[in-house]
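Observations on chain architecture
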Amino acid sequence: MIYKRKKKKEKPLPLFDRMGVTVKKKPDLKAKLDKEFSLFIRLRDAMPNGCFRCISCGHIKPFEQADNGHYINRQHMSTRFDEMNCNAQCRKCNRFMEGNIQNYRKGLIAKYGEQKVILLEAKQGITRKYSDFEYEQLIKYYKALNKKLKKEKEI
Ligand SMILES: [Zn+2]
């Protein structure tokens, strides 16, 4: 992986070019990947009985109620699509308790071990930029994986 220092944000494409010809807006690749990646995390963490255990509070809830909870806030691109940084979380913890972070950390340590959690936390300050090509490849990858997981887990 290549990490880069923060650069200026890309300007969105104008809707019209100089000649007044409509220019196609770029498809929102980040949003597309968010969607596939979120589904992947929830499918990955689904148990054979179609339920999941919330990484923070440990409650067992049906698959339909799972959120993709980020340990390090999703605004950090270096960990936004990190499979360890993202885990199935109940809506209460994710949406109403600001991620229930103290317990999220405990859950992560139980799942991955403290050393890996410390390494993950070190990624927070790194700026990561994805190229369109990377987005497209990742979307393809998770789409295929989701298809396979859905079949396997009968969800
Ligand atoms: Zn919870």
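A brief report on the enclosed structure follows. Note that the structure is predicted; figures quoted are calculated from it, not measured.

To continue, consider the side chain of Asp 45. Checked against the element boundaries, Asp 45 lands in the loop between helix H1 (29-44) and strand E1 (51-53). By relative accessible area, Asp 45 is classed as buried at 15%. Reaching out from Asp 45, the side chain makes a polar contact with the side chain of Lys 111 at a distance of 3.4 Å. If we ignore the near neighbours within four places in the chain, the residues touching Asp 45 are Cys 51, Phe 52, Asn 87, Ala 88 and Lys 111.

Scanning the model with the defined rule gives nine salt bridges in all. The salt bridge partner of Arg 74 is Asp 34, with a shortest N-O separation of 3.2 Å. You can see Arg 74 sitting in the loop between strand E3 (66-70) and helix H2 (77-80) and its partner Asp 34 sitting in helix H1, a full 40 residues away along the chain. Relative accessible area serves as the criterion here: at 41%, Arg 74 is assigned to the partly exposed category. Given the relative accessible area of 15%, Asp 34 is considered buried.

Basis of the calculations
- Residues numbered from 1 in each chain as written.
- Predicted model: local features only at pLDDT ≥ 70, side-chain atom pairs only at ≥ 80, totals over all residues.
- Heavy atoms only, no water.
- Helix = DSSP H or I, 4+ residues; strand = E, 2+ residues; numbered from the N terminus.
- Buried < 20%, exposed > 50% of the residue type's maximum accessible area, 1.4 Å probe, protein only.
- Polar contact = N/O pair within 3.5 Å; in protein donor to acceptor, adjacent residues only side chain to side chain.
- Contact = heavy atoms within 4.5 Å.
- Salt bridge = Lys/Arg side-chain N within 4 Å of Asp/Glu carboxyl O.

Take it as geometry only, folks, not as evidence of what the structure does.
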